[in-house]
Amino acid sequence: MDEDLRPGLAADLDGTFEALVGAHQDRLFSLALRFLGDAADAEEVVQDGFVRVYRALRGYEAKRIQDLEVRPWLSSIVLNLCRTRYRRRTRTLMAVVSGGFDDQRLPAPAADTPHERSANREATEHWADLVGRLPVLYRAAVVLRHVDGLSYQEMSHVLGRPEGTVKAQVHRGLALLRAAVEADQRQESIA
Amino acid sequence: MNTSTSGPGTGLSQVEDSLRELRTSAPPTLLPATLAAVGLADVYAALPSAIGQVWVAWNGRGVSALMTAPDAAAFEAAFRRAFDRPIRRVEALPPSLARAIARRLAGDRRVRIDVDLRGRTEFEQAVWRKALEIPRGEVRPYGWIACEIGHPAAVRAVGTALGHNPVPLLIPCHRVVRSDGHIGQYSLGGAENKRALLAWEGADPDELERLARAGIRYFGSDTTRIVCHPTCHHARRVTDRHRMTFRSMDEAARSGYRPCKVCRPVAHAA
């Protein structure tokens, strides 16, 4: 889909930009939401990202636009904005969070999920919560791979790491998530 | 009980499936807000003013339009005709923009208000920038702007550019009058609005028209031997006893008067 948009972006940015936003807003919003855990923050970050994209494209020559890898380029812009926002937010929370992530098991999710919510929604929120508790390094990798759906090659561009490293980060992130779910289930079966 | 609503199977592929479920749709507000932020769409709201309610449109590049219209639908139609961009109404102007506009209308020329001037010519922008220099409560003739921007013969083009001003009030084209001194036309709802705005700002439209009919274009002071536009704040300080009137800058020059360095009257504007 992106491949089709590049000639349009190069020839008529104003006439094509809406299509670009339409084609990528869902996946970029998902990426930001799962990274930041807050819908309002995610919406702001994605909008800011698109504004930066628009300004950049306005300054690019047609050849440079034609050569763009649109998907990973957009993802990296939004991910960088997410990281900046996350850093700003966590700096204010530093005092609350003491002790590192123990690397074996995620902390138990908040137990106050309202029961009246539908099972599906609850499951999604549970997984979103687990992802939100992953260390940033693994969270970025897992979200890019399995929520955003980038290839390892694209992720390697976005994260600026070799493919092997990126694969290992995704694997590690998934292992942490699996361990967390198993731990929850153990706890529930005891109860 | 070893299953839970939130704990599906835990094989790696099941984890991956669950993660895919985390894909979601962007909120419906994201696309329009993004297009407005880059200036491909606009939002607008009503704004009370000295001449009644006006409509103000803006986008990420700045204020794009200020118009009078009987209602929101008429404004939207006029906006689309003029700009060919989507527009949607919002409750109110952002507080920072509302504050800046209020300060500008109160006469603070330093307050910064971004204006979206895409597609406007250099000449038009030069005319509008010059109009911004005219203080509240004062007026200058079209010919004065033409001279000041280095196109002394382009008096008519100055009038046309002012007529195309997309943001009247914010760019105060109501402070520019005909070169014969008459108040003249106004793009924001006609000459009556221009008179009302000038009166609201402290200029006296009846007196301006009286001077124009009498052929009086300039005031001088017989103590300083300086000649000004009649609404220049230096001219207004001159007492009746010392005020001299001139029909042209030539006449003033012949009488030994030099132009005011603040309002810079020029022969061409006569």
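Everything here concerns the structure above.
Note that the structure is predicted; figures quoted are calculated from it, not measured.

Novice: Even after reading the chapter, I still don't get the overall build of chain A, so can you show me in this structure?
Specialist: Of the regular secondary structure elements, chain A holds nine helices and zero strands. Walking chain A from its N terminus toward its C terminus, one meets helices and strands in the order α-α-α-α-α-α-α-α-α. Buried positions account for 35% of the 191 residues belonging to chain A. Long-range pairs, those at least 24 residues apart, make up 66% of the contacts in chain A with a sequence separation of at least 6.

Novice: What exactly am I supposed to notice about the nonpolar core here?
Specialist: Soluble globular proteins tend to bury their nonpolar side chains together. Residues Ala32(A), Val46(A) and Val78(A) are the most contacted members of the largest nonpolar core, which totals 97 residues. A total of ten residues in this core trace back to one element, the largest contributor, which is helix H2 (residues 13-36) of chain A. If we ignore the near neighbours within four places in the chain, the residues touching Val46(A) are Gln25(A), Leu28(A), Phe29(A), Ala32(A), Val78(A), Ala26(B) and Leu30(B). With twelve residues, the next largest nonpolar core counts Cys232(B), Phe246(B), Tyr257(B) and Cys260(B) among its residues.

Novice: Just checking my understanding: could you explain the pairing of strand S2 (residues 54-59) of chain B for this structure?
Specialist: Residues and elements named next belong to chain B. Counting buried positions along S2 yields six of six residues, so the element is predominantly enclosed. Across the two faces of S2 the burial is the same, with Val54, Val56 and Trp58 and Trp55, Ala57 and Asn59 all buried. Here strand S1 (residues 42-47) runs beside S2; their pairing, made up of five bridges, is antiparallel. Its bridge partner lying in S2, tyrosine 44 is registered against alanine 57. Taking the residues between adjacent antiparallel strands as the criterion, S1 and S2 are bridged by six residues, where glycine 52 takes a positive phi near 95 degrees. Two strands pair when backbone bridges link them, and S2 and strand S3 (residues 62-67) are joined in this way by five bridges, in the antiparallel orientation. Counted as the bridge partner of tryptophan 55 is methionine 67 from S3.

Novice: What exactly am I supposed to notice about the sheet that holds strand S9 (residues 243-246) of chain B here?
Specialist: The pairing of strands in a sheet comes from backbone hydrogen bonds and takes either a parallel or an antiparallel form. Residues and elements named next belong to chain B. One open sheet holds the four strands; their spatial order is S9-S7-S8-S10, and the pairing between them is mixed. The open sheet is flanked by S9 and strand S10 (258-259), the only strands paired with a single partner. As paired elements, strand S7 (residues 218-221) and strand S8 (residues 226-228) share three bridges and run antiparallel to each other. Residue pairing across strands places phenylalanine 219 opposite cysteine 228, the latter belonging to S8.

Calculation criteria
Residues numbered from 1 in each chain as written. Chains lettered and ligands numbered in written order. Predicted model: local features only at pLDDT ≥ 70, side-chain atom pairs only at ≥ 80, totals over all residues. Helix = DSSP H or I, 4+ residues; strand = E, 2+ residues; numbered from the N terminus. Buried ≥ 20, exposed ≤ 12 C-beta atoms within 10 Å, placed from the backbone. Contact = placed C-beta atoms within 7 Å. Core = buried A, V, L, I, M, F, W, Y, C linked by C-beta atoms within 7 Å. Pairing = 2+ DSSP bridges.

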